[in-house]
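Listed here are the chains, written in short residue letters.
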Amino acid sequence: MNALLAGQASLPRALRRRHAVVLLGTGMVGGAFLRLLDTPAGAALGLVGAANSRHQQTDPAGLAERSLRERLAVAGAARDDAALLAALDADAAVHKVIIDASASAVLAARHPAWLARGYHVVTANKALAGGDLQGWHALQAACAGHARYGDAATVGAGLPVLSTLRRLHACGDALLSLEGVLSGSLSWLFNRYDGTRPFSALLREARARGYTEPDARADLSGEDVARKLLILARTAGFALTRAAVQVENLVPEVLRALDTGQFAANLEALDAPLAARHAAATARGAVLRHLARIDRHGRAQVGLVEVAATHPAAHLRGTDNLFALKTTRYRAQPLVIQGPGAGPEITAQALLGDVLALV
Ligand SMILES: NC(=O)C1=CN([C@@H]2O[C@H](COP(=O)(O)OP(=O)(O)OC[C@H]3O[C@@H](n4cnc5c(N)ncnc54)[C@H](OP(=O)(O)O)[C@@H]3O)[C@@H](O)[C@H]2O)C=CC1
Ligand SMILES: N[C@@H](CC=O)C(=O)O
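Taking an unreviewed UniProt entry as the reference, the chain is identified by name as Homoserine dehydrogenase belonging to Metallibacterium scheffleri. For the chain, the Sequence similarities (unreviewed entry) comment in UniProt is given as "Belongs to the homoserine dehydrogenase family."

In structure tokens form, the structure reads like this:
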């Protein structure tokens, strides 16, 4: 192996493999990313390490196994970032990339240090950019160096919304308001929920499809949407904090303190309150949609809203997200971005796209 690596290092830059990759998280999104590596688009990437929360693998033969994800679930070396970074260091690829497909705030807090050491970071994990402002500023400082931060998967699961906001911001086109549906799982749930099937049954299906967060309370509490709204607002130049966002929590008190397993076993506690909200909306000729809003003063809200059948959010399908941006130059008519906003495959594709965009 060392001879092989040394051989590659001695090749001219143009002939060297371009991307060496470490994957953190082999769940719904990480698993889909591993499958993408077996496609022609993923073939340019060399996986040199992979980890879940307990185990990791850096041995090339093990990494090549199709059952890598299943094997890591039961076996592997103990988790140790240093060994994963060493595997990246040992590779002669042009770009050394850490992909964070976890929801771990502990891992997210390490992104600035990894960037400062020259590793590119590509992430589906919103915990840093959507966390406290101090973390956001640390990230911006680390991004001023050579290493790049790929965050397309963090909002809209890869829809071109952050890239659009960045272009507008760079052109001096200020955000006046943003309104939309920022959660793929809540979009799917409320697009489907017509009172005939219990909400809890739909929620179980949404988790099985890979739309929800690892703990679906992160979606239902509005916190995952709040993180996305913070990322959008900060990208548009607002120094917004979580405390400034009004967030409606749809998780009944009785479910809030349970551990993840107990929560999953007691989802039926969601049914009666949401059935009542649905019946009240229907009686008024409206539908329920989960909306997020921010105005030019940075006033921000997230929650479940009754909208008329004519509202654009009433026409969404599947996991559609909707972003209606009003800016100084898109003022009369908003700039609208719409499309599927959750799911392992599209999210993994957003990660791959960010890796391949490294030049
Ligand atoms: N699902 C979607 O549609 C989208 C998801 N995302 C984001 O993608 C991320 C992953 O979501 P999803 O795949 O659904 O979640 P899963 O729960 O299915 O997977 C999370 C993975 O992260 C691993 N993990 C946790 N902590 C660590 C750690 N310290 N080191 C290495 N791995 C760790 C878990 O390990 P273990 O298996 O041991 O628990 C698991 O393999 C989340 O941040 C989510 O917000 C973003 C856009 C869309
Ligand atoms: N749980 C999230 C997944 C993507 O970030 C959502 O429902 O939108």
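**Q** Summarise the domain arrangement of the chain; cite the residues concerned and give the values.
**A** On domain assignment, one finds that the chain holds domain 1 (2-159 + 345-356) and domain 2 (161-340). Each of domain 1 and domain 2 has a C-alpha centre, and the two are 28 Å apart. Each partner contributes residues to the interface: domain 1 has 16 residues there, and domain 2 has 25 residues. With both sides pooled, the region where domain 1 packs onto domain 2 buries about 1700 Å², and carbon together with sulfur makes up 67% of that total. When residues of domain 1 are sorted by the area they lose upon contact with domain 2, Lys126, Val155 and Leu159 head the list and together hold 37% of the total. Applying the counting rule to domain 1 against domain 2 returns three salt bridges. For Asp224, the salt bridge goes to Lys126, with nearest N and O atoms at 2.8 Å. Viewed at the interface, domain 2 and domain 1 are joined by six residue pairs in polar contact (both at pLDDT 80 or more).

**Q** Account for the UniProt feature "binding site: NADP(+)" (unreviewed entry) in the chain, with residues named and values stated.
**A** Per the UniProt record, "binding site: NADP(+)" (unreviewed entry) is annotated on Gly25, Thr26, Gly27, Met28, Val29 and Gly30. In this structure, Thr26 sits in the loop between strand E1 (19-24) and helix H2 (28-37). Apart from residues no more than four positions distant in its own chain, Thr26 is found in contact with Gly31, Leu34, Ala51, Asn52, Arg69 and Leu72. Tracing the chain through its elements places Val29 in helix H2. A relative accessible area of 19% places Val29 in the buried class.

**Q** I'd like a description of the sheet that holds E1, backed by residues and values.
**A** A sheet is described by the order of its strands in space; here seven strands give the open sequence E4-E3-E2-E1-E5-E6-E7, paired in mixed fashion. What marks the edges here is a single partner per strand, and that holds for strand E4 (77-78) and strand E7 (149-150). Strand direction decides the pairing type here: strand E5 (residues 95-100) and strand E6 (residues 120-123), joined by four bridges, are parallel. Residue pairing in the sheet places Val97 in a bridge with His120 of E6.

**Q** Describe the site of ligand 2, with residues and values.
**A** In the region of ligand 2, the neighbouring residues are Lys126, Ser183, Gly184, Ser185, Tyr211, Thr212, Glu213, Asp219, Asp224, Lys228 and Gly341. Here an oxygen atom of ligand 2 sits 2.9 Å away from a polar atom, N or O, in the side chain of Lys126. At 2.7 Å from an oxygen atom of ligand 2 is found a side-chain nitrogen or oxygen belonging to Lys228. Elements with a contribution of two residues or more to the shell around ligand 2: helix H10 (184-192) and helix H13 (223-235). Class assignment for the residues of the shell around ligand 2 results in one nonpolar, five polar and five charged.

**Q** With reference to specific residues and values, describe the side chain of Arg289.
**A** The residue Arg289 is located in strand E10 (residues 286-295) in this model. Although Arg289 lies buried, it forms no salt bridge, and the closest oppositely charged side chain, Asp320, sits 9.4 Å away as judged by the N-O distance. When neighbours within four sequence positions are excluded, Arg289 is seen to be in contact with Phe190, Asn191, Gly303, Leu304, Val305, Val307, Ala313 and Ala314.

**Q** Describe unusual backbone geometry, listing the residues and the values that go with them.
**A** If you check the backbone angles, Ala157 has positive phi at about 50° while not being a glycine. Tracing the backbone shows Ala157 in the loop between E7 and helix H9 (162-170).

**Q** How would you sum up the site of ligand 1? Please name residues and give values.
**A** As a matter of local geometry, ligand 1 sits amid 26 residues, with Ser53, Lys126, Gly210, Glu213 and Gly343 nearest to it. Separating an oxygen atom of ligand 1 from a backbone N or O atom of Met28 is a distance of 2.9 Å. The backbone of Gly210 places a nitrogen or oxygen atom 2.7 Å from a nitrogen atom of ligand 1. Contact with the protein chains covers 84% of the free accessible surface of ligand 1, which is 910 Å². Residue composition of the shell around ligand 1, grouped by class: 10 nonpolar, 11 polar and five charged. Counting only domains with at least three residues in the shell around ligand 1, you end up with domain 1 (2-159 + 345-356) and domain 2 (161-340).

**Q** Tell me what's going on with the sheet that holds strand E11 (residues 300-308), and back it up with residues and numbers.
**A** Spatially, E9-E11-E10-E8-E12-E13 is the arrangement adopted by the six strands of the open sheet, whose pairing is mixed. The open sheet has two edge strands, strand E9 (245-247) and strand E13 (335-340), and neither has a second partner. Strand-to-strand twist across the sheet, computed as the mean angle between neighbouring axes with direction ignored, equals 25°.

Each value, and the rule that gives it
Residues numbered from 1 in each chain as written. Chains lettered and ligands numbered in written order. Predicted model: local features only at pLDDT ≥ 70, side-chain atom pairs only at ≥ 80, totals over all residues. Heavy atoms only, no water. UniProt positions renumbered as here; feature names shortened; annotations may be inferred. Domains from an automatic or database assignment. Contact = heavy atoms within 4.5 Å. Buried area = accessible area lost by both parts, 1.4 Å probe. Salt bridge = Lys/Arg side-chain N within 4 Å of Asp/Glu carboxyl O. Polar contact = N/O pair within 3.5 Å; in protein donor to acceptor, adjacent residues only side chain to side chain. Helix = DSSP H or I, 4+ residues; strand = E, 2+ residues; numbered from the N terminus. Buried < 20%, exposed > 50% of the residue type's maximum accessible area, 1.4 Å probe, protein only. Pairing = 2+ DSSP bridges. Near = heavy atom within 4 Å. Nonpolar A, V, L, I, M, F, W, Y, C, P; charged D, E, K, R; others polar. Lys, Arg positive; Asp, Glu negative; His and termini not counted. Areas by Shrake-Rupley, 256 points an atom, 1.4 Å probe, with all protein chains shown as cover. Axes fitted to C-alpha atoms, helices over the stretch in contact; angles between N-to-C directions.

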